[in-house]
Amino acid sequence: MTLRVRALETVLLEKGLIDPAVLDLIVEAYETRIGPRNGAKVVARAWLDPDFKRALLEDATAAVSSLGHVGEIGDHLIAVENLPTLHNMVVCTLCSCYPTDLLGLPPVWYKSAPYRSRVVRNARGVLAEFGVNLPPEMEIRVWDSTAETRFLVLPMRPAGTEGFDVDALASLVTRDSMIGTGLPKLPEVGP
Amino acid sequence: MNGVHDMGGMDGFGRIEPERDEPVFHAPWEGRVMAMMRAMGCVGGWNLDMFRNARESQPPSFYLTASYYKSWEKTLETLLLERGLVMEEEIVASRSFSGSTVAGQPLRAEDVSKALKRQSYERSTSAAALFKVGDGVRTRNIHLPTHTRLPRYARGRRGTIERVHGCHVFPDSSAVGAGDDPQWLYTVVFDGSELWGTDDDPSLKVSVEAFEPYLEAL
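Residues numbered from 1 in each chain as written. Chains lettered and ligands numbered in written order. Predicted model: local features only at pLDDT ≥ 70, side-chain atom pairs only at ≥ 80, totals over all residues. Heavy atoms only, no water.

Asks: I'm lost on the overall build of chain B in this one. Help?
Replies: For chain B, the count of helices and strands is eight helices and five strands. For the C-alpha atoms alone, the extent of chain B along its principal axes is close to 60 × 45 × 35 Å. In chain B, which comprises 218 residues, the share counted as buried stands at 47%. Long-range contacts, defined here as pairs at least 24 residues apart, represent 65% of the contacts in chain B between residues at least 6 apart. Total accessible area computed for chain B in this model is approximately 10,300 Å², and 50% of it derives from carbon and sulfur atoms. Here chain B contributes 25 positive and 31 negative side-chain charges, whose respective centroids are spaced 2 Å apart. (Helix = DSSP H or I, 4+ residues; strand = E, 2+ residues; numbered from the N terminus. Buried < 20%, exposed > 50% of the residue type's maximum accessible area, 1.4 Å probe, protein only. Contact = heavy atoms within 4.5 Å. Areas by Shrake-Rupley, 256 points an atom, 1.4 Å probe, with all protein chains shown as cover. Lys, Arg positive; Asp, Glu negative; His and termini not counted. Charge placed at Lys NZ, Arg CZ, Asp CG, Glu CD.)

Here's what the structure looks like:
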C-alpha cells in the first residue's frame, strides 16, 4: 500500500490539488491533539459542575464549545447520561460515525464487523467481551449513529472520588467509557 | 443499497478484538490516506454521502476483507477517477500527465482546523415536522438500490419518536447529487423484541436516527 499511496499523493501534488505540508498537519492533529483526552475533560467537568452537566445534556455542542481548552467542536453532538438503571452504548452499524471532535479517530474494533453486527442485537454479550457485566435489570440502550448526530456517553462518576479535581477525575475517564463499552477506572485506594 | 456494510444483526463475524495501546495509525500510509481524503474533500467536489456511497459500493468480498484505510484508499481513487480528476495510468506511473481540472485552491495550512471540524448538516425548512416526541411510528420497508441510512434491521418496525433534531441534509438525495433536500430528523427508539423477537434480551432498546421519509404514523 505504501507505494500506491505515495504514487497517488505525488499525482495529486503535481496537479496542485494537495499540499503535502498540509497533509502533515492533518496527521499531526489526529496523532497529538484530537483524541479522547478532550472527551475526558468534558466528562470530568460534568461530574464536578451540575450547571455544566445540565447544559451538556441540553446542547452538547454549545456546552463543549464554551470550554475554551477543548475548543470549538462540530454540530449535533449529543451527550447521553448513564444512570443506575440505564447504560448507553454507541455504534455506527452502517460505517464508522464517531464523535471524533471529542474522542479522536475511532479504534479498529469500533469500525469492525464483529462490533457493528452484534452490539445492536446482543449488547450484553459485547459488554461481557469487554469485561463489563451489568445487572440484568439495567436497561441497555444502543444508539446507532445513522445520521450526522454524534453521541458521547456520560458515564457515572465512580464512588470514592469525592474531593477530586478536574484533572484527577479526567484521568479516570477512559475512551471506552465514553463509547459505552467500558466503565471509568476506579480511583486507586491508598495504602 | 442492501450491501454488506449494513451489518447490524448479522451473525458469524466472530469476537471483537480490541488492541491494547492502539496507535492512531498502524502505518504512515494510513495517515496519508486519511489526510488526503480530508484535503480532497475540500476541493474534489464530492460530499460526505457520495463518499459513503462509493465506499459501500465496493465489492462485498473487498469491503469485508480490506483494512479500513485500504478501503478508504480505494474509495478515494474511485471518487477521483469518476470525476476525471486523476487517471489510473497516472497513479500507475506515479506522475501527472496533465494539470488540474479543478478551479479551486488546495486546502491551506491556515484552514486545517476548520476543515477538520465537523460542519453543520442542519438546514432551514418551511415544512412543519410530521411527528413529535412520544409519537408512535413505523419505519417504512424501503429497499433503495442507492445510498440510504435506514438499516435493514430497523425497516418495517414499530418505534417511538424520542428526539426531534431539526431539518437535516437528506443523505439519500445528497449521495446521488440531488442536492440537500432537507428532511426532518428524529431519534426513533425500538424495543429489542420488536427488532429481534421475544427470545432476546428484554432489557435492550436500540435507536436509529431516522429521516422523516423513512417513517409513517402508526
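The discussion continues.
Asks: Would you mind showing me how to read helix 2 (residues 48-56) of chain B here?
Replies: For the α-helix, the turn length of 3.6 residues means that residues three or four positions removed from each other point alike. Of all nine residues in helix 2 of chain B, eight are buried; the element is thus mostly enclosed. Considered for burial, the residues of helix 2 of chain B that qualify are B:Asp49, B:Met50, B:Phe51, B:Arg52, B:Asn53, B:Ala54, B:Arg55 and B:Glu56. Buried residues in helix 2 of chain B make contact with strand 4 (150-154) of chain A together with helix 1 (28-41), helix 3 (60-65), helix 4 (68-82) and helix 7 (171-174) of chain B. Of the residues flanking the start of helix 2 of chain B, the one acting as N-cap is B:Asn47, its side-chain oxygen 3.0 Å from the backbone nitrogen of B:Asp49. (Polar contact = N/O pair within 3.5 Å; in protein donor to acceptor, adjacent residues only side chain to side chain.)

Asks: How do you make sense of the side chain of B:Arg55 when you look at a structure like this?
Replies: With respect to the secondary-structure elements, B:Arg55 resides in helix 2. For the buried B:Arg55, no salt bridge exists, and the shortest N-O distance to an oppositely charged side chain is 7.5 Å, to B:Glu56. Beyond its immediate stretch of four places on either side in the chain, B:Arg55 contacts A:Cys95, B:Tyr63, B:Tyr68, B:Ser71, B:Trp72 and B:Thr75. (Salt bridge = Lys/Arg side-chain N within 4 Å of Asp/Glu carboxyl O.)

Asks: Before we go on, may I ask you to explain the sheet that holds strand 1 (residues 136-139) of chain B in this structure?
Replies: The strands that make up a sheet are held in pairs by hydrogen bonds between backbone atoms, and each pair lies either parallel or antiparallel. Pairing within the open sheet is mixed, and its seven strands lie in the order 2(A)-3(A)-4(B)-3(B)-2(B)-1(B)-5(B). Only two strands of the sheet have a single neighbouring strand rather than two, namely strand 2 (86-91) of chain A together with strand 5 (215-217) of chain B. Sheet twist, expressed as the average angle between the axes of neighbouring strands with direction ignored, equals 35 degrees. (Pairing = 2+ DSSP bridges. Axes fitted to C-alpha atoms, helices over the stretch in contact; angles between N-to-C directions.)

Asks: Please clarify how the pattern of salt bridges should be interpreted in this entry.
Replies: When the charged atoms of two side chains with opposite charge come close together, those side chains can pair. The full count for this structure, using the stated rule, is 26 salt bridges over all chains. In this structure, B:Glu77 engages A:Arg4 in a salt bridge whose closest nitrogen and oxygen atoms are separated by 2.7 Å. Pair noted here: B:Glu77 is in helix 4 and A:Arg4 is in helix 1 (residues 2-14), and the two residues belong to different chains. As a salt-bridge pair, B:Arg52 and B:Asp49 come within 3.8 Å of each other at their nearest N and O atoms. Of this pair, B:Arg52 and B:Asp49 are both found in helix 2, three residues apart, which corresponds to roughly one turn of the helix. What makes B:Asp49 buried here is its relative accessible area of 4%. By sharing partners, the salt bridges in this structure join A:Glu148, A:Arg150, B:Asp49, B:Arg52 and B:Arg118 into a single network.

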